[in-house]
Structures are given as C-alpha cells and as structure tokens.
Amino acid sequence: SEDNKMKTDKAPAKDKARVANLFNAIAPSYDFLNRFLSVGIDQYWRKQMAKHLHQTSDSMTLLDLATGTGDQVISLCKRFSFIKSAIGVDLAQNMLLIGRKKVLKQGLSQRIKLQEGDATNLDFITNSFDITSCSFGIRNVEKLQAALSEILRVLKPDAQLLILEFSLPPNPILRRLYFFYFRHILPAIGRLFSKHPAAYAYLNESVEHFPYGSDFTDILKQVGFVNPNYYPLTFGIATLYVAKKPEK
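Given the structure is predicted, the values throughout are model-derived calculations rather than measurements.

The rules behind each value
Residues numbered from 1 in each chain as written. Predicted model: local features only at pLDDT ≥ 70, side-chain atom pairs only at ≥ 80, totals over all residues. Heavy atoms only, no water. Disulfide = S-S within 2.5 Å. Buried < 20%, exposed > 50% of the residue type's maximum accessible area, 1.4 Å probe, protein only. 1 Å grid on protein atoms, 1.4 Å probe; cavity = no way out; pocket = protein on both sides within 12 Å on 5 of 7 lines; lining within 4 Å. Points joined across faces, edges and corners; volume = space filled by probe spheres on them. Helix = DSSP H or I, 4+ residues; strand = E, 2+ residues; numbered from the N terminus. Nonpolar A, V, L, I, M, F, W, Y, C, P; charged D, E, K, R; others polar. Phe/Tyr/Trp six-rings, centres within 6.5 Å; stacked < 30°, edge-to-face > 60°. Lys NZ or Arg CZ within 6 Å of the ring centre and 35° of its normal. Salt bridge = Lys/Arg side-chain N within 4 Å of Asp/Glu carboxyl O. pLDDT = per-residue confidence, 0-100. Contact = heavy atoms within 4.5 Å.

**Student:** Mind showing me how you'd approach the state of the cysteines here?
**Tutor:** Every disulfide links exactly two cysteines, by a covalent bond between their sulfur atoms. This structure, assessed with the given rule, holds zero disulfides. Cysteine Cys77 is unpaired, with the sulfur of Cys134 as its nearest cysteine sulfur at 16 Å. The buried category is assigned to Cys77, whose relative accessible area is 1%. Residue class for Cys134 comes out buried when judged on its relative accessible area of 2%.

**Student:** Sorry if this is basic, but what is going on with the layout of surface pockets here?
**Tutor:** Roughly 490 Å³ of internal volume is contained in the largest pocket. Taken together, 27 residues line the largest pocket, and the ones lying closest to its centre are Leu37, Ser38, Phe166, Phe182 and Leu186. It is helix H2 (residues 16-37) that provides the largest number of residues to the lining of the largest pocket, a total of seven residues. When the residues that make up the lining of the largest pocket are grouped by side-chain class, the tally is 20 nonpolar, four polar and three charged. Considered as a void within the structure, the second largest pocket measures approximately 320 Å³ in volume. Lining the second largest pocket we find 13 residues, and of these Gln43, Asp71, Ile74, Ser75 and Lys78 sit closest to its centre. Among the elements of the structure, helix H3 (41-51), helix H4 (71-79) and helix H5 (93-105) are those that each provide at least two residues to the lining of the second largest pocket. Partitioned by chemical class, the residues of the lining of the second largest pocket number two nonpolar, three polar and eight charged.

**Student:** Is there a simple way to explain the packing of aromatic side chains in this structure?
**Tutor:** Here a ring pair, both rings aromatic, is described through the centre-centre distance and the interplanar angle of the planes. Scanning the model with the defined rule gives twelve aromatic pairs in all. Note on Tyr178 and Phe182: the rings are 4.7 Å apart at their centroids and 45° apart in plane angle, and the pair reads as tilted. Remark: Phe182 and Tyr178 occur in helix H7 (residues 172-194); sequence separation between them is four residues, near one turn of the helix. The class of Tyr178 is buried, set by a relative accessible area of 7%. One cation-aromatic arrangement involves Arg183 over Phe179; the distance from NZ or CZ to the ring centre is 4.1 Å.

**Student:** Honestly, the pattern of salt bridges in this entry has me stumped. Any pointers?
**Tutor:** A side chain of one charge can pair with a side chain of the opposite charge if their charged atoms are brought near each other. This model, assessed by the stated rule, comprises nine salt bridges. Here Lys16 makes a salt bridge to Asp118, at a shortest N to O gap of 3.0 Å. Placement of the pair is Lys16 in helix H2 and Asp118 in the loop between strand E3 (112-116) and strand E4 (129-135), with a sequence separation of 102 residues. The class for Lys16 is partly exposed, based on a relative accessible area of 34%.

**Student:** How should the confidence of the model for the chain be read in this particular structure?
**Tutor:** The predicted coordinates should not be examined in detail at positions where pLDDT is low. In this model, the chain carries an average pLDDT of 90, and 94% of its residues clear a pLDDT of 70 or more. Low pLDDT (under 50) marks residues 1-10, which in the prediction has 14 contacts with non-local residues, meaning those over four places away or in another chain.

**Student:** Where do I start with the environment of Asp123 in this structure?
**Tutor:** Along the chain, Asp123 turns up in the loop between E3 and E4. Under the relative-accessibility criterion, Asp123 is labelled exposed at 69%. Distance from Asp123 to Glu150, taken between C-alpha atoms, is 9.7 Å for residues 27 residues apart in sequence.

**Student:** Would you mind showing me how to read unusual backbone geometry here?
**Tutor:** One non-glycine residue, Asn127, adopts positive backbone phi at about 60°. Mapped onto the fold, Asn127 is located in the loop between E3 and E4. One non-glycine residue, Phe235, lies in positive phi territory at about 65°. Judged by relative accessible area, which is 66%, Phe235 ranks as exposed.

As structure tokens, this is what we get:
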C-alpha cells in the first residue's frame, strides 16, 4: 500500500548488533512490560496462532525465531504434545538465559532447546522443520527477505510458517489513538521500567515502518511461500500470517 511505501524512507536502523544490544539491555523487564503494556492481550494472540497450527504427524519439529524469553515456543509445546522437539533462536543472550530458566521450570528441557542465532543465516540443514513460528520479531530482522528465504530453506516441503506481528489498525480514530500510545505512552513507561531510553522508542518506530497485511503476504509470495493468508487481530493492532512451503 501507499501507506507502507511512504514509511520505508525513514525506517529505523536494524543492524544485528543494535537489535541484540537493545534486547540484551531490556531483558530483565521484558516479560513484565509485555504483559503490562499489552494488558495481557499478547497471550490471546498466541492462542490464535496455535489455532492455525496444523498437525501433520505424531512427531513434529518446531523452529521458533526471535524466541526472546521463550514464551511462544513454551506455549506451543505445552499445548501440543505432538511437537516432540523445538528449537528457539534469538540474537540476544540475556533473553535466552531467562528463557532457559522458564523452560527448565516448565519441565520442557527434553523438548525445547534455546540457542543464539541469526534468522538471516540459520545453522540448520535444508528441510529440517515441520513448523516455523515467529512472534513480534520479524520486523526486527535486518534483512527481511533473506530471513524469509532461510525459513523457506529449513522448512520441510508442505510445512507451515506462522508469524505474529504488530500492524496498524485501519480505523482512523483507533489508528490515531494507537499512534499516540506507541509514540508517547509506551516509550515513557518503557523508559521507567527498563531504564533504557531508546528501547521502546525503537519499538514504535519499527512497528510503524513494517509492511503489514497484503504487503507482507506479497513478500512471502516473492520469496516462494504458497497460500499466504493474513488475519487481523484486535482491530488490526496485530496480524497473524500463515503460509506454507511448496510441496515440491
């Protein structure tokens, strides 16, 4: 859309080192702020993602990218016993340290492994995973198409991609409120609790400049995914994207 094309001119810098440093810095307050700033709606969004996950065998493998402190990968493994092994990948070691404690506490250490890694250069062989998920992290990737190409490579034929990401609500009044919240309230609260002045300002910038809706499904098609669909959630504040790797 024109709206998205206009925004790409002044998109925030997303180099890997900057993103990793930012999330390492806010790791201690990340989970609390997620719940607080989203009023818990993020958990509802994760459940919506789970509803679109298709079981294709009794022993499935999951790759969760931008796994952070592991909420998404833990949630999916607790919900689906047929996910026998899962790997969560993230750039930020401090986030992973918190995530590993959560995995241990949930008794999921035999099924979930969290490791440092870069979505644009995945350390896995081709056709490795039955599902790839990514929640609120794809917009932070330095090279979006490179990351999506890597996801396509490591997925098995006919395997599924599930992405949750923030988007902009279409209603003009709601959009104005949304912008006010993201530009003013969220950065102020984020600074207060995370003691990191840039972190939550970056969040708002990255959301405003990310291609969403049909713009994002167009990119999925360009990379080689088939049957991409998108599902706006909570008045379009977030969007769930579902696509598949071709069968052959």
